[in-house]
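Residues per chain, in single letters:
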Amino acid sequence: MKNRIRSIREDDDLTPQQVADALGITQRKYSYMETGTQQWTDVFLVKLSRFYNMSIDYLLCQTDNPEINR
């Protein structure tokens, strides 16, 4: 999961600080979650999904389809 989330961020040319700001957390906390030092909580997975407009299943590597099913 951490590799996919990092890849998405890098593909969008975003810094960890920019994503952290969007999630309302410190850059340090974001980096810990991105590297797997801390686990993603449900709240932050939802925020990340909304930020990237991608499904949580895609972020968690449960599917290769990034679209949100509605």
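Everything that follows concerns the structure shown earlier in this document.
Keep in mind that this is a model prediction, so the values were computed, not measured.

(A) Geometry of the overall build of the protein. Along the backbone of the protein there are 5 helices and 0 strands. Helices and strands appear in the protein in the N-to-C order α-α-α-α-α. Computed over the C-alpha atoms, the radius of gyration of the protein is 11 Å, within 12% of the 11 Å expected from 2.2 N^0.38 for a compact globule of 70 residues. The principal-axis extent of the C-alpha atoms belonging to the protein is close to 30 × 25 × 20 Å. Of all 70 residues assigned to the protein, the portion counted as buried reaches 31%. Residue pairs in contact within the protein that sit at least 24 positions apart in sequence constitute 40% of those at least 6 positions apart. For the protein, the accessible surface area stands at approximately 4,700 Å², while carbon and sulfur atoms represent 43% of it.

(B) Expanded view of the pattern of salt bridges. A complete count under the given rule lists 3 salt bridges for this structure. In this structure, E10 and R6 form a salt bridge, with 2.8 Å as the shortest nitrogen-oxygen distance. Taken together, the residues span about one helical turn, with E10 and R6 both in helix α1 (residues 2-11) at a distance of 4 residues. Overall, the relative accessible area of 38% leaves E10 in the partly exposed class. Between R9 and E34 there is a salt bridge, and its shortest N-O distance comes to 2.8 Å. Residue R9 is located in helix α1, and its partner E34 is located in helix α3 (residues 27-35); the two are separated by 25 residues in the primary sequence.

What counts and how
Residues numbered from 1 in each chain as written. Predicted model: local features only at pLDDT ≥ 70, side-chain atom pairs only at ≥ 80, totals over all residues. Heavy atoms only, no water. Helix = DSSP H or I, 4+ residues; strand = E, 2+ residues; numbered from the N terminus. Rg over C-alpha atoms; globule rule 2.2 N^0.38 Å. Buried < 20%, exposed > 50% of the residue type's maximum accessible area, 1.4 Å probe, protein only. Contact = heavy atoms within 4.5 Å. Areas by Shrake-Rupley, 256 points an atom, 1.4 Å probe, with all protein chains shown as cover. Salt bridge = Lys/Arg side-chain N within 4 Å of Asp/Glu carboxyl O.

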